[in-house]
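What follows is each chain in one-letter form.
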Amino acid sequence: MNIMVVGVGGQGTLLTSRIIGKTALVQGFDVKLSEVHGMAQRGGSVVTFVRYGDKVYEPVCEEGTVDALISFERLEALRYAHFLKKDGVMIVNDTRIDPMTVVIGAAEYPEGIIEELEKSHKLYTINGGEIAKALGNSKVLNSVVLGLAAKHIGFTKEEWVEVLRSTVPPKTIEINTKAFEMGYNS
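Residues numbered from 1 in each chain as written. Predicted model: local features only at pLDDT ≥ 70, side-chain atom pairs only at ≥ 80, totals over all residues. Heavy atoms only, no water.

Draft legend 1. Representation of the packing of helix H1 (residues 13-26) against helix H7 (residues 157-167) within the structure. Where H1 contacts H7, the two axes come as close as 9 Å, and the packing angle between them is 125 degrees. Taken together, the axes of H1 and H7 lie oblique to each other. H7 is crossed by H1, and the crossing has right-handed handedness. Counted together, Leu15, Ile19, Ile20, Lys22, Thr23 and Val26 of H1 and Glu159, Trp160, Val163, Leu164, Ser166 and Thr167 of H7 form the full contact between these two elements. For the contact of H1 with H7, the class distribution of residues is 7 nonpolar, 3 polar and 2 charged. (Axes fitted to C-alpha atoms, helices over the stretch in contact; angles between N-to-C directions. Helix = DSSP H or I, 4+ residues; strand = E, 2+ residues; numbered from the N terminus. Parallel < 35°, antiparallel > 145°, perpendicular 65-115°, else oblique. Left-handed = near helix turned anticlockwise from the far one by under 90°. Contact = heavy atoms within 4.5 Å. Nonpolar A, V, L, I, M, F, W, Y, C, P; charged D, E, K, R; others polar.)

Shown next, in the form of structure tokens:
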């Protein structure tokens, strides 16, 4: 299974990848993770790959081989959609974060991204930011999106929750569990 997680620095992309990898590891799979940070601290792209199976030799996925693309921002989904295989699934947090080129006026943010992606991909969207805010903590956005993604990656809900609870900081276990459940049930 090849999973790609993309987002903007600070959205929880790396933690999400670790939870996915740990969930597969607990189930007995060989797991490889690869992280590409870019200008993450300045709002730039963060890209991670999680690969698992009986035996995995490479940590990075080639274009057209990703089974599930999880994106925390819609432009990042568009930017990396070519990695998804023909029958792959895309989970997108439907939010907009302007890249620096848009902020400084050197480029325009594309319109109709979700509609464009829906034309050629099996797409599931969620407004994780709104759900996280409603829960009172915008930092649990990644758990909301992971909840939706978990339904399309495999493993039981209980297996996901167990790993999530053992991975997030202790003082955030309850809020992250609730966020995951909200995403899973959406």
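Draft legend 2. Structural detail: helix H8 (residues 173-184). Here H8 contains 12 residues, and its C-alpha end-to-end distance of 16 Å stays within 8% of the 16 Å for a straight helix at 1.5 Å per residue. The set of residues buried in H8 consists of Ile173, Asn176, Thr177, Ala179, Phe180, Gly183 and Tyr184. Down the axis of H8, the sector holding all buried residues measures 160 degrees, keeping them to one side. Along its buried surface, H8 packs onto strand S6 (122-126), helix H6 (141-153) and H7. (Expected span 1.5 Å × (residues − 1). Buried < 20%, exposed > 50% of the residue type's maximum accessible area, 1.4 Å probe, protein only. Arc of directions from axis to C-beta.)

Draft legend 3. Layout of the side chain of Asp67. Its place among the elements puts Asp67 in strand S4 (residues 66-71). One polar contact links Asp67 to Lys85, side chain to side chain, over a distance of 2.6 Å. Filtering out sequence-adjacent residues up to four positions away, Asp67 remains in contact with Met1, Asn2, Leu84, Lys85, Gly88 and Val89. (Polar contact = N/O pair within 3.5 Å; in protein donor to acceptor, adjacent residues only side chain to side chain.)

Draft legend 4. Expanded view of the pattern of salt bridges. Applying the stated criterion across every chain yields a total of 10 salt bridges. As a salt-bridge pair, Glu181 and Lys157 come within 2.8 Å of each other at their nearest N and O atoms. One end of the pair, Glu181, is in helix H8; the other, Lys157, is in helix H7, and 24 residues separate them in sequence. In this structure Glu181 comes out as partly exposed when scored by relative accessible area, which is 26%. Each of Asp30, Lys32 and Lys55 takes part in salt bridges that share partners, so that together they form one network. (Salt bridge = Lys/Arg side-chain N within 4 Å of Asp/Glu carboxyl O.)

Draft legend 5. Spatial organisation of the packing of aromatic side chains. Scanning the model with the defined rule gives 7 aromatic pairs in all. Aromatic side chains Phe49 and Phe83 sit 5.9 Å apart centroid to centroid with 50 degrees between the ring planes, which places their arrangement in the tilted category. Placement of the pair is Phe49 in strand S3 (residues 45-53) and Phe83 in the loop between helix H2 (74-80) and strand S5 (84-93), with a sequence separation of 34 residues. For the pair Phe49 and Phe83, a shared accessibility class is recorded, and that class is buried. Aromatic side chains Phe155 and Trp160 sit 5.7 Å apart centroid to centroid with 70 degrees between the ring planes, which places their arrangement in the edge-to-face category. Its relative accessible area of 1% is what places Trp160 among the buried residues. (Phe/Tyr/Trp six-rings, centres within 6.5 Å; stacked < 30°, edge-to-face > 60°.)

Draft legend 6. Geometry of the sheet that holds S6. Spatially, 6 strands are ordered S2-S3-S1-S4-S5-S6 in an open sheet, and the strand pairing comes out mixed. The strands lining the two open edges of the sheet, one partner per strand, are strand S2 (30-36) and S6. Ignoring which end each strand starts from, the neighbouring axes of this sheet average 15 degrees apart. In this fold H6 packs onto strand S1 (2-8), S3, S4, S5 and S6, with an angle of close to 150 degrees to the strand it touches most, S5. (Pairing = 2+ DSSP bridges.)

Draft legend 7. Examining the nonpolar core more closely. In this structure, Ile3, Ile20, Ile70, Ile153, Trp160 and Phe180 are the most contacted members of the largest nonpolar core, which totals 35 residues. Top element by residues in this core is H6. It accounts for 8 residues. Setting aside anything within four residues of it in sequence, one finds Trp160 in contact with Ile19, Ile20, Thr23, Leu146, Ala150, Ile153, Gly154, Phe155 and Phe180. Judged by nonpolar contacts, the second largest core, of 21 residues, contains Cys61, Ala81, Phe83 and Val102. (Core = buried A, V, L, I, M, F, W, Y, C linked by side-chain atoms within 4.5 Å.)

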